[in-house]
Amino acid sequence: MGFFETRVYQVNSKPPTDGLEAAGWRLVYNATPNNEPFFGQAATAPDLYASYSIGIDVKKDGTIADVLPGTPAYDAGLGPQMTILAVDGRVYSADVLSESIAHPRNGKISVIVRNFDSVESREIQYAGGLRYPHLERIPGTRDYLARSWSLKPIKEH
């Protein structure tokens, strides 16, 4: 298969990071929110950015801003413009949903949502914890990324 076929036209579970790794970096996920310019939140960003965990971004008032196809939130039937009213029996807040994502009960997160003029109960199947993307240096490699982006040099380990 050709370059464009594998990197543009096909859906892959892993992003094409070969170039990044050749530059001395790798993409990792952990529970620490990232405020780096490459992955940070814009001025219009949602209050809770959980795209890399359950596949959902939620505004401060509980309105779902976005749901990524093929994620636990999508599989649970959640969609944009629904409003989360409660999470695991508690009134919605970003902190409550974050806590439930970090420590789901038996691999499930129960939500009550308003969907236009109806109220519905949904169950998100998820046990992976909070996930945020980060760039991490690969020890023992040369840092070509900082040089090519004119970033401040990173102290080599």
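Here we summarise the structure given alongside this text.

Cut-off values and rules
- Residues numbered from 1 in each chain as written.
- Predicted model: local features only at pLDDT ≥ 70, side-chain atom pairs only at ≥ 80, totals over all residues.
- Heavy atoms only, no water.
- Helix = DSSP H or I, 4+ residues; strand = E, 2+ residues; numbered from the N terminus.
- Pairing = 2+ DSSP bridges.
- Axes fitted to C-alpha atoms, helices over the stretch in contact; angles between N-to-C directions.
- Contact = heavy atoms within 4.5 Å.
- Patch = residues over 30% accessible without salt bridge, like charges linked within 9 Å, V, L, I, M, F, W, Y side chains within 5 Å.
- Areas by Shrake-Rupley, 256 points an atom, 1.4 Å probe, with all protein chains shown as cover.
- Salt bridge = Lys/Arg side-chain N within 4 Å of Asp/Glu carboxyl O.
- Buried < 20%, exposed > 50% of the residue type's maximum accessible area, 1.4 Å probe, protein only.
- Core = buried A, V, L, I, M, F, W, Y, C linked by side-chain atoms within 4.5 Å.

Of note, P15 is situated in the loop between helix 1 (3–9) and helix 2 (18–22). Separated by twelve residues in sequence, P15 and L27 have C-alpha atoms that sit 9.0 Å apart.

Another aspect to go through is the sheet that holds strand 2 (residues 48–50). Pairing within the open sheet is antiparallel, and its three strands lie in the order 2-3-4. The open sheet has two edge strands with one neighbour each: strand 2 and strand 4 (64–67). Mean inter-strand twist for the sheet, computed between neighbouring axes without regard to direction, equals 5°. The sheet contact formed by strand 3 (residues 56–58) and strand 4 spans three bridges and is antiparallel. Among the inter-strand pairings, I56 is bridged to a residue of strand 4, identified as V67. Where helix 4 (residues 94–102) meets the sheet, its contacts fall on strand 2 and strand 3, and the angle it forms with strand 2 comes to roughly 20°.

Moving on to a nonpolar patch on the surface. Residues F3, F4, V8 and Y9 make up a contiguous nonpolar surface patch of about 490 Å² in total accessible area. Here F4 lies in helix 1.

Our next topic: the pairing of strand 5 (residues 83–87). Of all five residues making up strand 5, four are buried, and the element is well covered by its neighbours. With four bridges joining them, strand 5 and strand 7 (residues 108–115) adopt antiparallel strand pairing. Following the sheet pairing, T83 is matched in strand 7 by R114. Sheet topology note: the strand 5/strand 6 (residues 90–91) ladder contains two bridges and is antiparallel. Paired with A86 across the two strands is V91, which belongs to strand 6. Where strand 5 folds back on strand 6, the antiparallel hairpin that results is connected by two residues, among which D88 adopts a positive phi of roughly 50°.

Counted by the stated rule, this structure contains three salt bridges. Here E136 makes a salt bridge to R26, at a shortest N to O gap of 2.8 Å. Here E136, found in strand 9 (residues 132–137), pairs with R26, found in strand 1 (residues 25–30); they are 110 residues apart in sequence, far enough to count as distant. Here E120 ties to R122 by a salt bridge, and the two come within 2.1 Å at their closest N and O atoms. The exposure class assigned to R122 is buried, which follows from its relative accessible area of 19%.

Even without glycine at this site, D88 takes up a positive phi of about 50°. Here D88 is to be found in the loop between strand 5 and strand 6. On the basis of relative accessibility, which here comes to 12%, the residue D88 falls in the buried class.

What follows concerns the nonpolar core. Counting 25 residues, the largest nonpolar core has I56, L78, I84, L97, I101 and I109 as its most contacted members. Elements represented by at least two residues in this core include exactly strand 2, strand 3, strand 4, strand 5, helix 4 and strand 7. The element best represented in this core is helix 4, accounting for four residues. In this structure I109 touches I54, V87, D88, L97, S100, I101, P104, R122, E123, I124 and Y126, once residues within four positions along its chain are discounted.

Without other data, these values stay purely geometric and don't point to any function.
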